[in-house]
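So you can see what is in the structure, the chains are spelled out below.
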Amino acid sequence: QVQLVESGGGLVQAGDSLRLSCVASGLTFSRRNMAWFRQAPGKEREFVAAITWSGSSTYYADSVQGRITISRDNAKNTVHLQINSLKPEDTAVYYCAASPPFSSSTFITSANGYTIWGQGTQVTVSS
């Protein structure tokens, strides 16, 4: 069964840090670009960060640049998202996504570049 399971979300205060994790199963993780998207209440889903299947390149949304780091551990089929200096506007459901195998980086920052999605993990930042 193909599955992405996110964890690590929760209720935190502004300025805190969180590390989100996404564990993949049933798919060739090491061949897929991986990304994090988020969706705040009443807003569309937006790109946060992505990492190529080789791990050689990372991409970040301008709104989180400098505060967020994406990383992957292919041996553990896991991708992480480290978020520092959390702000109330970071409140959202965070989704992990996987691309088809050996995808290029053409659509790496677009939801259209991903075919497998997790159920999401809620991050709530209080001021």
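Residues numbered from 1 in each chain as written. Predicted model: local features only at pLDDT ≥ 70, side-chain atom pairs only at ≥ 80, totals over all residues. Heavy atoms only, no water.

Draft legend 1. The side chain of Ser 103, seen in detail. Relative to the helices and strands, Ser 103 is located in the loop between strand 9 (92–101) and strand 10 (116–117). Judged by relative accessible area, which is 19%, Ser 103 ranks as buried. Separated by 2.8 Å, the side chain of Ser 103 and the backbone oxygen of Pro 100 make a polar contact. Not counting chain neighbours up to four residues away, the residues in contact with Ser 103 comprise Asn 33 and Trp 53. (Helix = DSSP H or I, 4+ residues; strand = E, 2+ residues; numbered from the N terminus. Buried < 20%, exposed > 50% of the residue type's maximum accessible area, 1.4 Å probe, protein only. Polar contact = N/O pair within 3.5 Å; in protein donor to acceptor, adjacent residues only side chain to side chain. Contact = heavy atoms within 4.5 Å.)

Draft legend 2. Fine view of the packing of aromatic side chains. All chains considered together, the criterion is met by five aromatic pairs. Centre to centre, the rings of Phe 37 and Trp 117 are 5.1 Å apart; their planes meet at 55°, and the pair counts as tilted. Pair noted here: Phe 37 is in strand 4 (residues 32–39) and Trp 117 is in strand 10, with a separation of 80 residues, a long-range link. Take Phe 37: its relative accessible area is 2%, and that puts it in the buried class. For the pair Trp 53 and Phe 102, a centre-to-centre distance of 5.0 Å together with 80° between the ring planes defines the contact as edge-to-face. (Phe/Tyr/Trp six-rings, centres within 6.5 Å; stacked < 30°, edge-to-face > 60°.)

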